[in-house]
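# Coordinates in review
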Amino acid sequence: MKTTRRDFIKILGFTTLYVTLAACKGPVIESIPYIIKPEYITPGINNYYASTMFDGFDFGNVIVKTIEGRPIKIESNKESKYLNTVSSRIQSSILSLYDNERLKYPSINKKKVSWAKLDNIIIKKLNTISNSKKKIVILTSSLPSPSTKQLIYDFTKVYKNTNHIIYDAISYSSTLNAVNKVLGKRAIPYYDISNIELLISFDADFLGDWSPQNFHKIYSKRKKPNLSMINHIHLESHMSLSGANADLRITINPSKIYNLLIELYKALNKNSNNKLAISLAKKIFKKGKKVLIIADGNQEMYEISLLINKKIKSNALKNEKFLFLKESNDKIVLNLINDLSKEKIGALLVFNTNPVYHFFDKKIKSYIRKIPLTISFAMKEDETSDFIKIWAPVPHWLESWGDYKPLTEMYSLRQPIIKKIFNNRQFENSLLEWIKKNPKHIKIKNIFFNLIKKKSKKNINYYDYLKFFFKKKIIKKLNVNSFKKALFYGSLKIREKKKRNKKLKKFKFAFKATKNNKFELRLYTKISMGDGRQYDNPWLQELPDPITRTTWENYLTMSFIDAKNLGIKNWNIGNGAMNGNCVNLFFNDIIIKNIPVYIQPGQSVGSLSLSFGYGRKKGKVAKQSRGVNAYALYKNFNIIQENIFLKKSERIYKFSCFQLQNTTVGRNLLAKETNIHTYLNVNKNFWNKEDIIENKNLNSNKITMCKNFKEKNGHNFNISIDLNKCTGCTSCVIACNSENNIPVVGKEEIRNFRDMHWLRIDRYYSTNYLKKNSKTNPLYEPFLYKSLLRPENKNPKIIFQPIMCQHCNNAPCETVCPVGATSHGKQGQNMMAYNRCIGTRYCANNCPYKVRRFNWFNYYNNNKFPFNLNSNLSRMVLNPNVVIRSRGVMEKCSMCIQMTQSVILKAKKEERKIKNNEFQTACSKVCPTNAISFGDINNKNSKIFKKKLENRSYKLLDFLGVKPNVFYQVKIRNLKKNKV
């Protein structure tokens with residue numbers, strides 16, 4: 001049989017096509033459908049659950065967003081009146097739920113065992129130790145849980161000689177002791193500053209971690225520019241977030257701050273000669289009750305500040321509310337260390353704390369090794385668990401039950417949002433098992449466990465215990481009639497009697513002598529890292545510090561003068577990345593080598609600062625992070641250490657810093673500010689002049705080559721950013737990361753300025769650009785530019801400015817894209833078609849705001865980036881409504897278009913109009929100060945429309961004529977007659 005030419009070509013074409021199609025076949029992804037779909041789950045529809053986040057350091061009443069049974073985002077519980085702010089750390093805690101390095105099963109000496117076998121071994125040992133002279137110690141972080149405390153009490157009745165000891169990494173003991181001494185309650189005051197007009201802080205970073213109370217919301221409300229606007233004076237040695245937001249900041253060394261506070265106390269009694277103290281006292285007398293004095297440092301400083309507030313009858317303390325989230329007691333902890341050294345401890349149960357890493361005396365390692373029975377209740381392997389024989393891993397807070405008494409007249413519940421991923425067991429369930437399986441408990445009276453009437457007590461778990469506790473002791477104090485209803489709200493008001501305070505005792509305070517030429521060290525916490533318990537969290541490691549704009553590291557901050565004397569410099573290399581010198585630190589018998597030095601504008605001469613939370617070596621993220629363990633210098637739980645000696649080392653450190661340019665270089669129209677006197681009394685054209693190019697033939701606001709995108713029909717979205725309210729807290733950055741699946745790139749890529757954040761918070765220092773005594777002509781252009789580029793070293797003012805895509809109506813990125821991947825939508829957004837983008841990066845080069853991000857690599861499932869996109873488990877945190885971008889694609893802020901469309905579709909489905917202010921983006925929804933507002937400008941009743949009409953409103957780089965859909969509000973400082 002002969003094959004014709006036509007048949008041959010047919011066969012050839014078919015085989016070529018078949019081979020081509022076979023080669024193009026994509027990967028097969030198997031999905032398992034529901035056999036019986038759960039009633040409460042609809043694919044693609046989000047569910048929300050109220051819960052409570054508490055990890056021993058951070059607390060928040062939250063709403064957990066889930067999709068198809070998996071939590072993907074942490075949001076604020078707006079129904080809760082107090083403690084509902086979700087910080088960057090609270091939001092980021094969701095990542096640890098899907099961490100592959102979590103402990104997956106119980107073990108003894110790192111060998112897997114069953115829970116039953118582990119329980120039998122522990123019960124036998126506990127009984128033996130309980131009958132001996134040695135003590136059983138349950139060591140936990142602060143634990144403000146009424147039901148857990150009741151359970152621990154039951155445990156101590158069953159196993160004699162058991163003590164529950166609180167050990168917090170960062171001690172609040174001096175605060176609690178001072179409050180107890182002055183106000184008669186061992187708790188932290190909840191300050192109400194809604195009726196305060198003068199706030200003076202003595203080194204208290206209240207916008208940081210000075211108090212468990214989150215001040216951001218109420219502080220921003222009091223910053224509303226009017227005659228009663230709060231006046232914030234801040235005295236400190238290092239540049240803190242609170243100091244950066246102050247109207248007047250005074251740099252002063254820690255020891256001098258203490259002496260000045262005593263002088264102020266004396267000045268209020270008209271017994272001081274200190275000019276600064278007398279000036280501050282005059283201001284206090286003028287404002288009277290509308291003043292709040294706060295302080296940080298030693299116990300005496302807290303006592304003095306509280307005594308002043310009592311003396312002036314400050315409005316901030318009138319509500320008589322107290323926080324119960326911190327329970328540290330340094331004396332008890334030091335007694336425990338003494339007992340450990342004398343081998344008096346027979347069993348140590350460690351829950352939610354890491355003493356080997358946190359405690360300043362490293363002999364604790366050898367002490368723990370000698371204890372007969374050691375049990376670690378940790379979620380992940382840590383420094384302490386290495387020295388502990390038995391591991392009883394605990395679940396994540398999103399997999400756990402719990403209750404909390406965080407504040408006067410408040411009760412909060414925690415519920416599991418997802419079924420346990422691994423074979424772990426809640427701390428409370430372990431205690432219950434060891435009570436139940438010990439026959440002694442039946443004979444013991446007055447233990448709460450025996451009151452539970454259930455057919456089989458063997459099956460009682462912590463959920464049953466919590467529910468019974470709630471029914472017996474809590475529900476009668478609430479306005480709800482069931483446990484389920486309480487779970488629905490998450491946080492509830494509880495009725496309780498307020499106890500009268502004790503009478504004041506007599507106080508005596510002594511001045512501190514100023515020390516020699518050695519440095520004073522101020523230890524502090526970063527917004528991102530806190531006490532370090534979330535050290536292995538990539539979102540937090542890559543979150544830029546709002547002051548230094550660095551990531552992945554800690555460092556010693558130093559003044560420019562001290563750095564000059566020691567020959568220490570920070571400099572930028574060819575690609576703009578920052579390098580710096582290192583020093584060796586000497587403190588008593590402690591030597592820490594090669595600590596990088598960051599020269600910090602506003603640092604007081606003779607002082608140093610170092611942040612907690614770094615220097616850990618456990619976990620994948622730890623291999624990329626750099627830093628030193630500041631807890632080694634946290635001697636006797638004092639945040640201020642003296643007699644520090646430094647010596648320059650030869651090592652050069654490579655910083656991973658986000659922001660190269662620290663000032664506006666004289667372009668003050670970028671981040672506008674003025675003082676309250678000018679704002680109230682001078683015409684807007686002086687302090688908020690329109691930023692356009694004008695002459696007879698040219699007006700930048702009228703010239704356009706684009707279609708007019710001001711749609712009068714439908715929606716037209718705008719964003720407003722109030723610089724007066726923005727505190728630089730970075731909550732919006734993490735919210736954006738979580739909502740939009742933004743990848744983490746690592747320390748080296750940050751140094752190459754390849755970060756992927758859609759939203760950044762620029763920090764600008766003020767400058768002293770006209771030097772009177774300079775020999776150089778101050779108007780000489782190179783000198784002028786150089787002086788404008790350098791921040792004021794002694795005490796600069798700071799302004800924070802969130803920057804995202806401005807969604808310009810005359811967008812310069814749209815005109816240069818050769819494939820039309822970026823275009824303008826009818827609702828005002830600048831759109832991105834990811835599958836059309838070919839990665840020319842013309843758009844990024846043509847963007848005046850520099851907000852576009854290019855995917856240099858595939859960050860998804862890539863071993864070079866071992867973060868939250870690199871395993872099946874860790875990818876469970878991804879939002880399915882936002883696509884993962886691949887290598888070679890440009891991305892940027894989308895105004896959370898998936899959220900706006902969801903609101904539109906929901907309203908359409910329910911056949912109703914969209915409510916006022918129903919539209920939100922991730923950043924506007926989470927912002928604790930409401931600095932970021934989002935909405936439809938075509939809705940005349942919306943908040944965004946009203947904000948646009950305000951006289952403080954302006955657009956960034958408006959003279960370019962790009963017509964952005966994002967506008968800003970001028971920052972106002974309360975500086976009228978405010979010179980001290």
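Residues numbered from 1 in each chain as written. Predicted model: local features only at pLDDT ≥ 70, side-chain atom pairs only at ≥ 80, totals over all residues. Heavy atoms only, no water.

### Remarks on the packing of aromatic side chains
Our working rule: A pair of aromatic rings is counted whenever rings of Phe, Tyr or Trp (Trp by its six-membered ring) have centres within 6.5 Å, and the orientation is called stacked for planes under 30 degrees apart, edge-to-face for over 60 and tilted otherwise. Numbering of helices and strands starts at the N terminus; helices are DSSP runs of H or I of at least 4 residues and strands are runs of E of at least 2. Whether a residue is buried, partly exposed or exposed follows from its accessible area with a 1.4 Å probe, protein chains only, as a fraction of its type maximum: under 20%, in between, or over 50%, in that order.
Summed over all chains, the structure comprises 46 aromatic pairs. Taking 4.6 Å as the distance between ring centres and 40° as the angle between the ring planes, the aromatic pair formed by Trp 401 and Tyr 463 counts as tilted. Pair noted here: Trp 401 is in the loop between strand S16 (390-391) and strand S17 (402-404) and Tyr 463 is in helix H15 (residues 462-474), with a separation of 62 residues, a long-range link. Accessibility expressed as a relative area gives 26% for Tyr 463, which makes it partly exposed. Here the aromatic rings of Phe 586 and Phe 645 are separated by 5.8 Å at their centres, their planes lie at 45°, and the arrangement is tilted. Note that Phe 586 is positioned in strand S23 (residues 578-587) and Phe 645 in strand S26 (residues 640-654), a separation of 59 residues in sequence. Judged by relative accessible area, which is 27%, Phe 586 ranks as partly exposed.

### So, the packing of helix H4 (residues 146-158) against H15
Axis angle and axis distance: for two packed helices, these are the angle between their axes and the distance between the axes, and together they describe the pair. The condition that has to hold: Axis geometry follows a simple rule: fit a line to the C-alpha atoms, using only the stretch in contact for helices, then measure angles between N-to-C directions, giving values from 0 to 180 degrees. Here the angle decides the label: under 35 degrees means roughly parallel, over 145 means roughly antiparallel, 65 to 115 means roughly perpendicular, and every other value means oblique. In what follows, residue pairs with any heavy atoms lying within 4.5 Å of each other are defined as contacts. Each residue is assigned to one class: nonpolar for Ala, Val, Leu, Ile, Met, Phe, Trp, Tyr, Cys and Pro, charged for Asp, Glu, Lys and Arg, and polar for all the others, Gly among them.
One can describe the packing of H4 onto H15 by two numbers: an axis separation of 10 Å at closest approach and a directional angle of 110°. In this view, H4 runs roughly perpendicular relative to H15, as classed from their interaxial angle. Every residue of H15 that contacts H4 at Pro 146, Ser 147, Thr 148, Gln 150, Leu 151 and Asp 154 is listed here: Tyr 462, Tyr 465, Leu 466, Phe 469 and Lys 473. Residue composition of the contact of H4 with H15, grouped by class: 6 nonpolar, 3 polar and 2 charged.

### Let's talk about unusual backbone geometry
Despite not being glycine, Asn 161 shows a phi value in the positive range, around 65°. Tracing the sequence through the fold places Asn 161 in the loop between H4 and strand S7 (162-166).

### Description of the sheet that holds strand S2 (residues 59-67)
How we decide: At least two DSSP bridges between two strands are needed for those strands to be called paired.
As summarised here, the arrangement of the 3 strands in space is S1-S2-S3, forming an open sheet in which the pairing is antiparallel. Of all the strands in the sheet, just strand S1 (46-54) and strand S3 (70-76) have a single pairing partner and so form its edges. Each adjacent strand pair in this sheet contributes to an overall mean axis angle of 35°, direction not counted. With 6 bridges joining them, S2 and S3 adopt antiparallel strand pairing. Paired with Thr 66 across the bridge in S3 is Pro 71.

### Brief notes about the side chain of Asp 330
Of note, Asp 330 is situated in helix H11 (residues 330-341). In contact with Asp 330, not counting residues within four places along its chain, are Ser 171, Ser 173 and Phe 637.

### Comments concerning the domain arrangement of the chain
Stated formally: Boundaries between domains were set according to an automatic or database domain assignment. We define a salt bridge as a side-chain nitrogen of Lys or Arg found within 4 Å of a carboxyl oxygen belonging to Asp or Glu. Residues adjacent in sequence count toward polar contacts only when both atoms are side-chain atoms; beyond that, a polar contact is any pair of N or O atoms within 3.5 Å, and within protein one must be able to donate a hydrogen and the other to accept it.
When the domains of the chain are assigned, the result is domain 1 (107-170 + 328-396 + 419-484), domain 2 (190-322), domain 3 (519-654) and domain 4 (673-973). Taking only C-alpha atoms, the centre of domain 2 and the centre of domain 4 are 34 Å apart. On the domain 4 side, the residues contacting the 19 residues of domain 2 number 19 residues. At the surface where domain 2 touches domain 4, the tally comes to 0 salt bridges. Our enumeration of links across domain 2 and domain 4 arrives at 6 residue pairs in polar contact (both at pLDDT 80 or more). Considering each element in turn, the side of domain 2 that touches domain 4 owes the most residues, 4 residues, to helix H6 (residues 216-221). Each residue belonging to the side of domain 2 that touches domain 4 can be placed in one class, and the counts come to 10 nonpolar, 5 polar and 4 charged.

### What about the nonpolar core?
Our working definition: Residues grouped as a nonpolar core are buried Ala, Val, Leu, Ile, Met, Phe, Trp, Tyr and Cys residues, joined through side-chain atoms within 4.5 Å.
Grouped together as the largest cluster of nonpolar side chains are 131 residues, with contacts concentrated most on Ile 74 and Tyr 191. Considering every element that reaches this core, the biggest residue donor is helix H21 (residues 731-740), with 5 residues. The contacts of Tyr 191, once residues within four sequence positions are left out, are Trp 210, Gln 213, Phe 215, Leu 292, Ile 294, Leu 306, Ala 316 and Leu 317. Within the second largest apolar cluster, 66 residues are counted, among which are Ile 337, Phe 360, Leu 523 and Ala 563.

### As for the sheet that holds strand S37 (residues 966-969)
Here we have 4 strands laid out as an open sheet, ordered S35-S28-S37-S36, and mixed in their pairing. This sheet does not close on itself; its edge strands, each paired only once, are strand S35 (932-936) and strand S36 (953-954). Bridge count for strand S28 (residues 717-722) against S37 is 4 bridges, and the pairing is parallel. The residue of S37 that forms the bridge with Ile 719 is Val 966.

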